[in-house]
Amino acid sequence: MHAARRVLQHAATSRRQFSKFAFVGAGKMAEAMLAPLQETTIEGATPSVSFYDVSCAVAKRVAEKYPQLTRAESLDECVDGADVVVLCTKPQNCDAVFADLRPVVQSQKTPPVLLSILAGVPMETFRAGLGLQKVARAMPNTPGQIGCGVTVWTAGEHKELFTDADIERCKGALGALGKEIYVEEESYVDMSTSISGSGPAYIFLLIEAMVDAGVQEGFSREVATTLVHQTILGSVKYAMESGEHPAVLKNSVTSPAGTTASAIYELEKGNFRTVVQDAIWACYRRSLEMGGLDSNVGPGRSAGPKPTTEFPDMNGN
């Protein structure tokens, strides 16, 4: 009896349909997803993951780095039987990608979900270019490679076409990168590009500037790097755990007529916060431009897509 039960259990396990993710494009952002996805569980099992890149050098590098993934030799092989096709190519290559990918996805018995991580390309572009209706759009960031990223994503106005399994697969894949935040309107994805999507580059520039200053003062580059890394890491953790407004935390470090006050004075004199905000607005405008949308947004400007719903808080309210 027990032996028979074990046989039945084994048979059921062997028939289990694992989710399959097919990555079209295997560049840096694709890697940010591939690294954690190979170790996550979706629908009770580790998903099957295949990838394809037109660059043999890129495909070879990724295959050597992640030998447990399946390197496809063609788009057909990569996409065949996929539940979710993750599009990770360059936005400017969309037309060429659509020409090759459309007949492949259209030939599938069950049309897959398309999950795009391309900056600035609206979901309607994929619906028109690929003939797929179930399109989700996401903006992850590179810290997702170590499970510390944040991704804003949406299924947009066609969410009712998605099954519960479709949503679970998208949430599972994006959640493997760190925190995933679902929004009802696509315009929030463009906004997030300027903050969380491109944000790591701003932080890395700050790190570089602080390390260089430390070296100028006389620290070795190794020590200066450790000081800056730990200062930023600790400050972020402290801000998150304390729940205090950043101004309160800043003021707690700033003594009257002290060293920090002198540094803050120079930053404010150089319009530090305005420069940061202008950079974020410039990034947002570029995202809109890439999608063919009106980019006349920002302080003193009036155009651009405006959300019609209020952004939910982190509790989903």
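Notes on the structure in this doc start here. Values in this document were obtained by computation on a predicted structure and should not be read as measured data. (Residues numbered from 1 in each chain as written. Predicted model: local features only at pLDDT ≥ 70, side-chain atom pairs only at ≥ 80, totals over all residues. Heavy atoms only, no water.)

Things to note about the overall build of the protein chain
A count of helices and strands for the protein chain gives 13 helices and 8 strands. Classification of the 317 residues of the protein chain by burial places 39% in the buried group. Nonlocal contacts in the protein chain, meaning residues at least 24 apart in sequence, comprise 64% of its contacts between residues at least 6 apart. Surface accessibility of the protein chain: about 17900 Å² in total, with carbon and sulfur atoms responsible for 57%. (Helix = DSSP H or I, 4+ residues; strand = E, 2+ residues; numbered from the N terminus. Buried < 20%, exposed > 50% of the residue type's maximum accessible area, 1.4 Å probe, protein only. Contact = heavy atoms within 4.5 Å. Areas by Shrake-Rupley, 256 points an atom, 1.4 Å probe, with all protein chains shown as cover.)

A short note on the side chain of His158
One can find His158 in the loop between strand S7 (149-154) and helix H7 (164-175). Sequence-distant contacts of His158, that is, excluding residues within four places in its chain, are made with Arg127 and Gln133.

As for the sheet that holds strand S8 (residues 178-182)
The pairing of strands in a sheet comes from backbone hydrogen bonds and takes either a parallel or an antiparallel form. One open sheet holds the 8 strands; their spatial order is S3-S2-S1-S4-S5-S6-S7-S8, and the pairing between them is mixed. The sheet is open, and its two borders are formed by strand S3 (70-71) and S8, each paired with just one other strand. With 3 bridges connecting them, strand S5 (residues 113-116) and strand S6 (residues 135-139) associate as parallel partners. Directly across from Leu115, in S6, lies its bridge partner Ala136. (Pairing = 2+ DSSP bridges.)

Regarding the pattern of salt bridges
Oppositely charged side chains are able to pair whenever their charged atoms sit close together. Following the criterion strictly, the structure yields 14 salt bridges and no others. Note that Arg169 is salt-bridged to Asp83, the shortest N-O span being 3.8 Å. Of this pair, Arg169 sits in helix H7 while Asp83 sits in the loop between helix H4 (75-79) and strand S4 (84-87), placing them 86 residues apart in sequence. Taking the shortest distance from any N to any O, the salt bridge between Asp212 and Arg221 comes out at 3.1 Å. Classification of Asp212 as partly exposed rests on a relative accessible area of 28%. (Salt bridge = Lys/Arg side-chain N within 4 Å of Asp/Glu carboxyl O.)

Here we look at a nonpolar patch on the surface
Taken together, the side chains of Phe219, Val223 and Leu227 present a nonpolar region at the surface, about 250 Å² in accessible area. In this structure, Val223 sits in helix H10 (residues 221-242). For Val223, a relative accessible area of 38% gives the class partly exposed. (Patch = residues over 30% accessible without salt bridge, like charges linked within 9 Å, V, L, I, M, F, W, Y side chains within 5 Å.)

With respect to helix H13 (residues 272-290)
Spanning 19 residues, H13 covers 27 Å between terminal C-alpha atoms, matching the ideal 27 Å at 1.5 Å per step. If you check which residues of H13 are buried, you get Cys283, Tyr284, Arg285, Ser287 and Leu288. Its buried side turned inward, H13 meets S6, helix H8 (187-197) and helix H9 (199-217). One or two residues past the end of H13 sits Gly292, with phi positive at roughly 70 degrees. (Expected span 1.5 Å × (residues − 1).)

Digging into the environment of Leu37
Its location among the elements puts Leu37 in helix H2 (residues 28-37). Residue classification places Leu37 among the buried residues on the basis of a relative accessible area of 1%. A sequence separation of 108 residues divides Leu37 from Gln145, and the C-alpha atoms of the two residues are 9.4 Å apart. The residues touching Leu37, leaving out its near neighbours within four places in the chain, are Phe21, Phe23, Ile42, Pro47, Val49, Ala173 and Ala176.

Overview of the nonpolar core
One finds Phe21, Phe23, Met33, Val86, Leu115 and Trp153 to be the most contacted residues of the largest nonpolar core, which totals 32 residues. Looking at this core, the elements that each hand over two or more residues are strand S1 (20-24), H2, strand S2 (48-52), helix H3 (56-65), S4, S5, S6 and H7. For this core, the element with the highest residue contribution is H2, accounting for 5 residues. Apart from residues lying up to four places away in sequence, Leu115 is in contact with Met33, Val84, Val85, Val86, Leu87, Ala136, Arg137, Ala138 and Leu174. Residues Ala72, Val85, Phe126 and Leu130 belong to the second largest nonpolar core, which totals 24 residues. (Core = buried A, V, L, I, M, F, W, Y, C linked by side-chain atoms within 4.5 Å.)

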